[in-house]
Amino acid sequence: MSCLRQIRSPGFLAPTPDAMTRVSSLSRDELKTRRKSLRRRRRVSISQALWRFWALSGLTAAIFWGATRPVWLINSPAQINVTGNELLSDEMVQSLMPLTYPQPLMKVEPEVLARQLRDRAPITTAEVTRQILPPRLNVKVQERVPVAVVLPVGKADGSDTQYLQAGFLDAHGAWMPLASFGLGSASPQLPTLQLRGIQPHYQRYWPQIYETIVGSPVAITEIDWHDPNNLVLETALGTVYLGPYSPELEQQLATLDKMRNLPGQLSESEVARIDLSNPDAPSIAVVDTADPKASSAQTDSDASP
């Protein structure tokens, strides 16, 4: 009978059958408990998610339902609050908003209203927001500021070019109709500078011209540009001919400023015009009163600034 020899590693002790039974039994109990705990947590998590979903859905539905009730309607322009306007009246801004009354508050599209308001009114920016309590629309605007009144002259010199119709210009050359301002209880302060004969292709020069005109020490009340070869100004010193518009405008007005003593030498009725087409050699045309029959004749005389 042969003998079997069992070779064991040093320090290794084989577990007894009782010990193996206890470890196996404890592991199964723990796994079962953990599975139950995980299932319970999963059920709680699903329940909470469903509760949040139904609560949010119910709240959304309640808000939508409430917002569409008669109490959440825009019933009249009085519920449109306008801020930022100085020249335009509240009533005019409200009338320019394309709304049909009554209008459910939540059906109002603020971006669409703001865009249409910018297209219809002399406004550079417009912002429309909804307010729930009390239900109304808040409109914040920034207006275009008119700096000159445009006076139309129709056709000139047989040209087929139509000049701009009556209206206003802002400092950037944007045209606005006369009906843009003046509605409401208080009349806005409109510009005193008048502009006659401006054409669309002149407008690109307007920002620089206006900036120069505003900086002139001599008051200028009217600009006549119906003749492209002669820009005419009505000033505190009389009618001034500048010739074709050029970057020399600032120098021409500086020369005009040096002629401030002119009223002390010639009366207003004696001055026919001041010619500054060459600012280095200005001239003054005076009315010749020596001959009664030629009282309206004009003669040019040199005038040093």
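The coordinates are above.
Notes on the structure follow.

Conventions adopted
- Residues numbered from 1 in each chain as written.
- Predicted model: local features only at pLDDT ≥ 70, side-chain atom pairs only at ≥ 80, totals over all residues.
- Heavy atoms only, no water.
- Helix = DSSP H or I, 4+ residues; strand = E, 2+ residues; numbered from the N terminus.
- Buried < 20%, exposed > 50% of the residue type's maximum accessible area, 1.4 Å probe, protein only.
- Contact = heavy atoms within 4.5 Å.
- Areas by Shrake-Rupley, 256 points an atom, 1.4 Å probe, with all protein chains shown as cover.
- Pairing = 2+ DSSP bridges.
- Axes fitted to C-alpha atoms, helices over the stretch in contact; angles between N-to-C directions.
- Phe/Tyr/Trp six-rings, centres within 6.5 Å; stacked < 30°, edge-to-face > 60°.
- Patch = residues over 30% accessible without salt bridge, like charges linked within 9 Å, V, L, I, M, F, W, Y side chains within 5 Å.
- Salt bridge = Lys/Arg side-chain N within 4 Å of Asp/Glu carboxyl O.
- Lys, Arg positive; Asp, Glu negative; His and termini not counted.
- Charge placed at Lys NZ, Arg CZ, Asp CG, Glu CD.
- Polar contact = N/O pair within 3.5 Å; in protein donor to acceptor, adjacent residues only side chain to side chain.

## Quick look at the overall build of the protein chain
Counting secondary structure elements, the protein chain contains 6 helices and 15 strands. Looking at the protein chain as a whole, 35% of its 305 residues are labelled buried. A separation threshold of at least 6 residues defines the contact pool for the protein chain, and within that pool the share at least 24 residues apart is 50%. Carbon and sulfur atoms form 54% of the exposed surface of the protein chain, whose accessible area is close to 19700 Å².

## Observations concerning the sheet that holds strand S4 (residues 123–131)
One open sheet accounts for 3 strands, arranged S2-S5-S4; its pairing is mixed. If you trace the sheet from one side to the other, it starts and ends with strand S2 (80–83) and S4, each paired once. On average, each strand axis in the sheet is inclined to that of its neighbour by 20°, with strand direction left out of account. As paired strands, S2 and strand S5 (residues 136–143) are joined by 4 bridges and run parallel to one another. Across the sheet, Val82 pairs through a bridge with Val139, a residue of S5. Strand contacts of helix H3 (residues 110–120): S4 and S5, with the helix running at about 155° to S4, the strand carrying the most contacts.

## Some points on the packing of aromatic side chains
Tallied over the full model, the rule gives 5 aromatic pairs. Plain terms: the ring middles of Phe53 and Trp54 are 5.2 Å apart, the flat faces sit at 70° to each other, and that makes the pair edge-to-face. Both rings, one in Tyr202 and one in Trp225, keep their centres 4.3 Å apart while their planes meet at 25°; by these two values the pair is stacked. One end of the pair, Tyr202, is in the loop between strand S9 (194–196) and helix H4 (206–214); the other, Trp225, is in strand S10 (residues 220–227), and 23 residues separate them in sequence. On the basis of relative accessibility, which here comes to 3%, the residue Trp225 falls in the buried class. Three or more aromatic residues joined by ring pairs form one cluster here, namely Tyr202, Tyr205, Trp225 and Tyr245.

## Regarding a positive patch on the surface
A cluster of like positive charges, contributed by Lys32, Arg35, Lys36, Arg39, Arg40, Arg41, Arg42 and Arg43, occupies part of the molecular surface. Residue position: Arg41 is located in helix H1 (residues 17–67).

## As for the pairing of strand S7 (residues 167–170)
The pairing of strand S6 (residues 146–151) with S7 spans 4 bridges and is antiparallel. Opposite Val149, over in S7, you have Phe168 as the bridge partner. In the sheet, S7 pairs with strand S8 (residues 175–177) via 3 bridges, with the strands oriented antiparallel. Counted as the bridge partner of Phe168 is Met176 from S8. Connecting S7 to the next strand, S8, in antiparallel fashion are 4 residues, including Gly173 with a positive phi near 95°.

## Points about unusual backbone geometry
Looking along the chain, the bond that leaves Tyr101 and enters Pro102 is cis, with omega of -5°. Following the sequence through the fold, Pro102 ends up in the loop between helix H2 (90–95) and strand S3 (103–104). In the segment running from Leu133 into Pro134, the intervening peptide bond is cis, with an omega of -15°. Tracing the backbone shows Pro134 in the loop between S4 and S5.

## What to know about the pairing of strand S14 (residues 283–287)
In terms of residue burial, S14 counts as a mostly covered element, since 4 of its 5 residues are buried. As defined by bridge partners, strand S13 (residues 271–275) adjoins S14 across 4 bridges and the pair is classed as antiparallel. Of the residues in S14, the one forming a bridge with Asp275 is Ser283.

## What to know about the side chain of Gln79
Checked against the element boundaries, Gln79 lands in the loop between strand S1 (73–74) and S2. Since its relative accessible area comes to 18%, Gln79 is described here as buried. A distance of 3.0 Å separates a polar atom in the side chain of Gln79 from the backbone oxygen of Leu73. At 3.0 Å, the side chain of Gln79 forms a polar contact with the backbone oxygen of Pro135. Apart from the residues lying within four places of it in its own chain, the contact partners of Gln79 are Leu73, Ile74, Pro135, Arg136 and Leu137.

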